[in-house]
Every structure is written in structure tokens, then in C-alpha cells.
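Residues per chain, in single letters:
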Amino acid sequence: MAKHAIVVLLLSIVLFILAQQSSSSQPFKPISSHRAPKFLGGFSTSKPYHDHSRNHNHQRLEWLRQYPYETRYFEQRLDHFSFLELPTFNQRYLISSEHWSGPGQLGPIFVYCGNEGDIEWFAANTGFVWEMAPSFGAMVVFPEHRYYGESMPFGSQEEAYKNAATLSYLTADQALADFSVLITNLKRNLSAEACPVVLFGGSYGGMLAAWMRLKYPHIAIGALASSAPILQFEDIVPPESFYDIVSNDFKRESTSCFNTIKASWSALISEGQKENGLSQLTRMFRLCRELKNTEELVNWLDSAYSYLAMVNYPYPSDFIMPLPGHPIREVCRKIDGCPDGTSILERVSEGVGVYYNHTGEVNCFELDDDPHGMNGWNWQACTEMVMPLSSSPDTSMFPTYDFNFSAFQEECWTDFKVNPRPRWIATEFGGKDIMTDLKTFGSNIIFSNGFLDPWSGGSVTQNVSDSIVALNTQEGAHHLDLRAATAEDPNWLVEQRATEIRVIEKWLSDYYQAKGASLLSNVETGDRATSM
């Protein structure tokens, strides 16, 4: 399996063939298309990153205390789409009925579609859902995605990730079926069949929420899909959009910062080709072990810049890493603020420390440290979640790179003995003509986007109909609207959440009116059946 220099949280890391000549102007050439972007690897495990363990554990416990819930398990079929007697597995879900008004009042059920990681981390970082629940009298449910966290088929992650045969049940379609079966069973056990369900999700979870509303409209009355790149697939959106947006986020803060980073790649290659160059780079970037090649450092820097764009929040956060507010602004301040005569690579090293060591607690950086357990996403990306990314020569601060499906396919075969199906998602859920698809077959979906988020380039950013709306913010980053409210929230964020609440209120109002009319009609005709 391809090894990466650093934790890869939400995106496709570009790999390059390093120039063999000594000329620093030799262009980069990709050796691999890599498998796909990764979204929220910071939630993939409860293990904290690097030396921040005590702080992260403490903060995690504080987050979880704010939102009390029960942890339960539901026995799921391994394969919902066959009648073979296969082993079942326990799906973990978090549930809170503290504010639920109950089935007698048709109290709503808010369901967050679990992403590619430990569900407790999503619950702790989706304060918007918890904070809405009391005013709506809603139950809150966070089901975990199969093959992540504790929801492991075959008894353990080692067995579940063993080979293509055991991983073959890790698909979006199976995950949506899990959610639907769990919700149906839960409502039946609570005599709450008539209670409306509203779906929520961010990033991959937002994709699942939107797709579930389309595929199972009878299960949920609506979905809030935040930062959900359902269009980031073959021949739907320009593959350059992700890296162009990352680059623009830096350029809007400082053109000189943008230019320094753009020039750093050739400087890095040139330095690495010198005698003892890798040792010099190891010292300059304070790495814990000697670099094996410059590709490792390229990946490590690429990761930092891309994640900085995703979590470019207006206030300090600890979402992926402990970061200051407007972190890209701080990175560029560091890069531009170095004394005259500071080399390009020294400037970049100073800047990237904002991402990897904002707290100043890390003595050196572990390129091989991977606490986030994202192998499940590697499988998904090598099968159906094929999201091509490229880097353009003019508008990107990254080296020029074109997605190479043949190399990608070869890598996936080497790693998993599977061939990717790049067109399957669009066939299964739509996307080639998304406006027509959604207008014809969909209703009651909010697509929320922040245009600082590089994934916004693959999301729905235009209103489709009266009930399928796009709520866009110029200054928003990766599903910022789903995070808990803070005293530092800018007015545009407060207004965005208020708009989302009003839309959800209308969905529920329409449902209750239709349900009331249906019940009244049943009474008038002598039909006492009231269950859905």
C-alpha cells in the first residue's frame, strides 16, 4: 500500500517523480494519481495527534460532556442486498432523548449520517444539531458508518480490512441501508413510526445525507448536506477546482506568500539533490527521522496547505489540529515576516509550523505518524469514491499535475486487487445533469457551502427548486455551520444557521400539516389507521 508522509485527512495528495537532473527547473512528473481525497481524518480515531495527547483527551471529554447521550449497538446485516446467511455485526450509535417531545406529539428525530471515522468525534464537533434539538423537541441520533470506529464487521479492524473479500461490503449504498434499517427499527420500537426524521451530515456525511434523501425519501423528510462534494467525480466538475481554491485562499491573504509557496517546490527538489541535501531538509523542517526522499516532504507540505484551507475558520479551533483563527492569514504572516535574506525553504518551514505546531509543544515532526486509521477510506476511494484532482500550471500554487487514471488504477490493484469504478456513483445517485436530477426526483435538501472550502468546487452551489436550496457564504470553510455556536461567530454565520433553521421548520410544518390532514381524512371516513 502506498505510504504517505503525514496523516492525510481530507484530500488527494499529489505524488511526483523527482527530477534526476540537478536543474531546479526540471518539471514535476506524477508517479501516481494517488487514490482519492480524504475529508475528516481527524475524527477517524480517538487517538490524539503527536504530543497533544493530554490536551486532546481533555478537550474531547469536555466536548462529550456538553452533549450527553447513550451509546447503543444495533445488529446489522453484513449485506442488505442479498439473502445469503452472512455474519452480522454491531453498529454503534449515539442517542439522546433528553429533549424529545415523544411519539404522542410526533417529536422529530434528528439523524447525523456518520462519516469515515469514529462517531464520537463527529458528535462532539456537530454542536449545531445538539443545540437545535431542545427548541424542536427532537431526539438526536448519531449512527456510526460501517467499518469505522467500533462498527467493525468480522469482529475487528484487522479482520475487516484483511482483503478485498472482507472489505467488499464497505460501500456508500450499504451504509445508507444501515442508516435506514436502524431508523426504521428504532421508530418501530418506540411506537414513533409517524415521527419525522431530518438528516444532517458534513463532508462525506453530507454526501450521504443528500443521497439518502434521494434514495430513501420515505425514511426522512429532508436533509442538510454541508460541504458535500457530490459532484467531485469524473467529468462533472473541473478536476483543478480543489487545488485552485486552496491556492486562492492563500493568494487572497498575500500574493507574496502565494508566490513563495509556488517557488518552494523547485527549491525543495534542488536542495534534496545536493550532497547531504536530505539531511539539511530534515533539520530545516525539524523532522524526527531522516528523509528518505523529497517526495515525503512534498506530501507533508501539500497536506498542511490543503487542510489549512478546509479549516480556515474565523476563530481558533481544534478541529483537525490546534489552530488560530484565520490560520492561513497567520501562515502567510509567518512566511512574509521572515527577515530579509531568509531562504524560500526557511520561510516555508516557518509558515507550516502554524499548522503542525501552533501550540509549540511538538519538538519534532513524525512523517510516519498515522493516528487516524484511514485505510477504510483508501478502499472506498479505490472502488467507488474516485474523485479526480489536478493542479493547473497558472492558477495553482502547487506543482502542475494531471490526474492519471491508469496509474491510479494500477495502484489500487496493487493495494487491494480491485479496479476502480469511476462512473458508478453518478450512475447510482446521479450527478452528470445534477440540476435536472434533483429537480425531477428530489426535494427538501439544503446544500450549504463556504467558498473558502476547497470542496465547495464539487458541491451544489445553485438553488435547484423552492425546496432544494444552496446556502453559500464567501467566508465559510469546511462545514463550519455544523459546528457549535460561539461568541466569536461572525454575523454571516449566525444568519446562515438561522436560515437553515427556518428551512427545517418549514419542512416539519409541511409534514405536520399533511399528516394532520391525513389523520382528519381517516377519521371522517371511519379509517382509524394512523401509522405510516
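Residues numbered from 1 in each chain as written. Predicted model: local features only at pLDDT ≥ 70, side-chain atom pairs only at ≥ 80, totals over all residues. Heavy atoms only, no water.

Can you break down the overall build of the protein chain residue by residue, with the values?
When its secondary structure is counted, the protein chain shows 18 helices and ten strands. When contacts within the protein chain are restricted to residue pairs at least 6 apart in sequence, long-range pairs at least 24 apart make up 74% of them. (Helix = DSSP H or I, 4+ residues; strand = E, 2+ residues; numbered from the N terminus. Contact = heavy atoms within 4.5 Å.)

Describe helix α15 (residues 405-416), naming the residues involved and giving the relevant values.
Along its twelve residues, α15 runs 16 Å from first to last C-alpha, staying within 8% of the 16 Å computed at 1.5 Å per residue. Turning to α15, its buried residues number three or more, namely Ala-407, Phe-408, Glu-411, Cys-412, Asp-415 and Phe-416. For α15, the angular spread of the buried residues around the axis is 135 degrees, confining them to a single face. Opposite the buried face of α15, at more than 90 degrees from it, the exposed residues are Ser-406, Glu-410 and Thr-414. (Expected span 1.5 Å × (residues − 1). Buried < 20%, exposed > 50% of the residue type's maximum accessible area, 1.4 Å probe, protein only. Arc of directions from axis to C-beta.)

Outline the confidence of the model for the protein chain, supporting the account with residue identities and numerical values.
Per-residue pLDDT for the protein chain has a mean of 85; in total, 84% of the residues score no lower than 70. Considering only residues more than four positions removed or in separate chains, one finds that residues 40-56, a stretch of pLDDT under 50, has 65 contacts. A low-confidence stretch, residues 519-532 stays under pLDDT 50, and its non-local contacts, those more than four residues away or across chains, total ten contacts. (pLDDT = per-residue confidence, 0-100.)

Can you break down helix α9 (residues 255-272) residue by residue, with the values?
With 18 residues, α9 ought to run about 26 Å at 1.5 Å a step, and its terminal C-alpha atoms sit 26 Å apart, in line with that. The axis of α9 is deflected most strongly, by about 35 degrees, at Ser-264. For α9, the set of buried residues is Cys-257, Phe-258, Thr-260, Ile-261, Ser-264, Trp-265, Leu-268, Ile-269, Glu-271 and Gly-272. Contacts made by the buried residues of α9 are with α8 (241-251), α10 (277-284), α11 (294-310), α12 (327-336) and α13 (344-356). (Bend = angle between axes of the 7 residues up to and from the residue.)

Tell me about the packing of aromatic side chains, and name the residues and values.
Here a ring pair, both rings aromatic, is described through the centre-centre distance and the interplanar angle of the planes. On inspection of all chains with the given rule, the structure shows 28 aromatic pairs. Here Tyr-112 and Phe-122 contribute two aromatic rings whose centre-to-centre distance is 6.1 Å and whose plane-to-plane angle is 25 degrees, an arrangement assigned as stacked. Of this pair, Tyr-112 sits in strand β5 (residues 109-112) while Phe-122 sits in helix α2 (residues 119-124), and the two are ten residues apart along the sequence. Both residues of the pair, Tyr-112 and Phe-122, belong to the buried class. Ring geometry for Tyr-355 and Tyr-356: centres 4.8 Å apart, planes at 80 degrees, overall edge-to-face. (Phe/Tyr/Trp six-rings, centres within 6.5 Å; stacked < 30°, edge-to-face > 60°.)

Describe the sheet that holds strand β9 (residues 445-450), naming the residues involved and giving the relevant values.
Across the sheet, eight strands lie side by side as β3-β4-β6-β5-β7-β8-β9-β10; this open sheet has mixed pairing. Two strands in the sheet have a free side with no partner beyond their single neighbour: β3 (70-76) and β10 (468-473). Taking each pair of neighbouring strands and ignoring which way they run, the sheet shows an average axis angle of 20 degrees. Sheet analysis places β5 next to strand β6 (residues 139-143), joined by three bridges and oriented parallel. Looking at the pairing, Val-111 lines up with Val-141 of β6. (Pairing = 2+ DSSP bridges. Axes fitted to C-alpha atoms, helices over the stretch in contact; angles between N-to-C directions.)

Outline the state of the cysteines, supporting the account with residue identities and numerical values.
In this structure the tally under the stated criterion is three disulfides. Bridging Cys-257 to Cys-332, the disulfide has an S-S length of 2.2 Å. The chirality of the disulfide connecting Cys-257 with Cys-332 is left-handed, given an S-S dihedral of about -70 degrees. Of this pair, Cys-257 sits in helix α9 while Cys-332 sits in helix α12, placing them 75 residues apart in sequence. When sorted by exposure, Cys-257 lands in the same class as Cys-332, which is buried. Residue pairing for Cys-382: its cysteine sulfur links by disulfide to Cys-412, the two sulfurs lying 2.0 Å apart. Every disulfide takes its handedness from the sign of the S-S torsion; for Cys-382 and Cys-412 that torsion is -80 degrees, giving left-handed. Of this pair, Cys-382 sits in helix α14 (residues 375-383) while Cys-412 sits in helix α15, and the two are 30 residues apart along the sequence. Residue Cys-382 is classed as buried on the basis of its relative accessible area, which comes to 0%. (Disulfide = S-S within 2.5 Å.)

Go over the packing of α8 against α11 with me, naming the residues and quoting the values.
Any two packed helices are characterised by how steeply their axes cross, that is the angle between the axes, and by the distance between the axes. The contact between α8 and α11 brings their axes to 9 Å, and the two run at 80 degrees. The orientation of α8 relative to α11 falls into the category roughly perpendicular. For the pair α8 and α11, contact is made by Phe-242, Tyr-243, Val-246, Asp-249 and Phe-250 and by Asp-302, Tyr-305, Ser-306, Leu-308 and Ala-309, respectively. (Parallel < 35°, antiparallel > 145°, perpendicular 65-115°, else oblique.)

Could you give an account of the side chain of Arg-497, naming the residues involved and the relevant values?
Mapped onto the elements, Arg-497 comes out in helix α18 (residues 491-524). One polar contact links the side chain of Arg-497 to the main-chain carbonyl oxygen of Leu-480, over a distance of 3.1 Å. At a separation of 2.8 Å, a polar atom in the side chain of Arg-497 contacts the side chain of Asp-489. Beyond its immediate stretch of four places on either side in the chain, Arg-497 contacts Phe-128, Leu-480, Asp-481, Arg-483, Ala-484, Ala-485 and Asp-489. (Polar contact = N/O pair within 3.5 Å; in protein donor to acceptor, adjacent residues only side chain to side chain.)

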